[in-house]
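Next come the chains, spelled out residue by residue.
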Amino acid sequence: MNRTELGSALRALRQASGKEAKAVARSAVMSTAKLSKIENGHVAPSVVDVERILTALDVSEQVKVEYMAAARAQATEATAWRLFRRMGFHRKQEEIRALEASMKLLRLFQPSLVPGLLQTPEYVRAVLQGKGLSEDQLARTIGARIERQRVLYDTGKQLRFVITEPVLRWSLLPPAMMAGQLDRIASVSRLPNVDVRVVPLDRPQTDVPGHSFVIRDDRMVTVETTHAELIVTDPRDVALYVDKYERFASVATVGDAMRAVLADIRDGFLRERETG
């Protein structure tokens, strides 16, 4: 089975299961119209789409392996941000939440901005402000991202973050709000299943940051570029990202030392507020 045959094969699986399309679509966090387009071959399913449909159908591990291999025949997928804008960024947040619900281990490297799962509502708004969203779209997307943060309190999952120090110093918000954002990171870092590390500027490095990426369960990497989101699933490529993550994690501060870095930067923002 190749990728072009996946749609009809997924439809046959659903029909054999006796499940209605509407119920499968709801469980897979997609519209019934999208599921119909996938099943009829009008839309090529992504790796994420296939995985969510198979999970909704509750297929055996053997069937899942076969179908996921066909989905991964194209090792890297790219989806332009303009398509997510058309779909609705809040729906994209719901898709990510579904992915995070099914994973056990998340490793995130971020040299650009505070990771979404650690952002305050004010920070989320600042990140989204330049995307041309209406106030209603903005509010729905902010709400969806904050809703995603419930995964932080699921002790059945391990969530690991590596952030470079310049991210914490980037004044995306007024000083008092930036101080609040740093306090939020420090608070979350104390959760038993959360590991937050900061790569300090004064520590010698053997690698360069490049760009942000998220690794989920050693099976999928998400990379955000200026124009598109990339999904990487080839195990050889995933291993490259795992190696890069671990190199930065090994030279980053953690625990009380990391929180001391946060406190120092936070105090700098508060002094700026007082003198400003």
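The rules behind each value
- Residues numbered from 1 in each chain as written.
- Predicted model: local features only at pLDDT ≥ 70, side-chain atom pairs only at ≥ 80, totals over all residues.
- Heavy atoms only, no water.
- Helix = DSSP H or I, 4+ residues; strand = E, 2+ residues; numbered from the N terminus.
- Buried < 20%, exposed > 50% of the residue type's maximum accessible area, 1.4 Å probe, protein only.
- Contact = heavy atoms within 4.5 Å.
- Lys, Arg positive; Asp, Glu negative; His and termini not counted.
- Charge placed at Lys NZ, Arg CZ, Asp CG, Glu CD.
- Core = buried A, V, L, I, M, F, W, Y, C linked by side-chain atoms within 4.5 Å.
- Axes fitted to C-alpha atoms, helices over the stretch in contact; angles between N-to-C directions.
- Parallel < 35°, antiparallel > 145°, perpendicular 65-115°, else oblique.
- Left-handed = near helix turned anticlockwise from the far one by under 90°.
- Nonpolar A, V, L, I, M, F, W, Y, C, P; charged D, E, K, R; others polar.
- Salt bridge = Lys/Arg side-chain N within 4 Å of Asp/Glu carboxyl O.

## As for the overall build of the protein chain
Stage number 1. The helix and strand tally for the protein chain stands at 13 helices and eight strands.
Stage number 2. Summarising its shape, the C-alpha atoms of the protein chain cover approximately 65 × 40 × 35 Å along the three principal directions.
Stage number 3. Counting over 276 residues, the protein chain shows a buried share of 47%.
Stage number 4. For the protein chain, contacts bridging at least 24 residues in sequence account for 75% of all contacts bridging at least 6.
Stage number 5. With 41 positive and 35 negative side-chain charges, the protein chain shows a separation of 4 Å between the mean positions of the two kinds.

## Re the nonpolar core
Stage number 1. In terms of nonpolar packing, the biggest core is built from 29 residues, with Leu118 and Phe161 touching the most fellow members.
Stage number 2. Residue assignment for this core shows that the elements contributing at least two residues are strand 2 (105-110), strand 3 (158-164), helix 10 (165-169), helix 11 (175-188), strand 4 (194-199) and helix 13 (255-275).
Stage number 3. The residues touching Phe161, leaving out its near neighbours within four places in the chain, are Leu106, Leu108, Pro115, Leu117, Leu118, Leu152, Val194, Asp195, Val196, Arg197 and Tyr245.
Stage number 4. With 25 residues, the next largest nonpolar core counts Met30, Val50, Leu54 and Met220 among its residues.

## Here we look at the packing of helix 4 (residues 47-57) against helix 5 (residues 61-71)
For any two helices packed against each other, the geometry is given by the interaxial angle and the distance between the axes.
Stage number 1. At a minimum axis distance of 9 Å, the contact between helix 4 and helix 5 shows a crossing angle of 165 degrees. In terms of orientation, helix 4 and helix 5 fall into the roughly antiparallel class. As helix 4 packs across helix 5, the resulting crossing turns out to be right-handed. Facing helix 4, whose interface residues are Val47, Val50, Glu51, Leu54 and Thr55, helix 5 presents Lys64, Tyr67, Met68 and Ala71.
Stage number 2. Split by residue class, the contact of helix 4 with helix 5 holds six nonpolar, one polar and two charged.

## With respect to the pattern of salt bridges
Stage number 1. Under the defined criterion, the tally for this structure stands at 25 salt bridges.
Stage number 2. When the shortest N-O distance is used, the salt bridge between Arg14 and Glu39 registers 2.7 Å. Residue Arg14 is found in helix 1 (residues 6-17), and its partner Glu39 is found in helix 3 (residues 32-39); the two are separated by 25 residues along the sequence.
Stage number 3. The class for Arg14 is buried, based on a relative accessible area of 12%.
Stage number 4. Taking the shortest distance from any N to any O, the salt bridge between Arg52 and Glu95 comes out at 3.7 Å.

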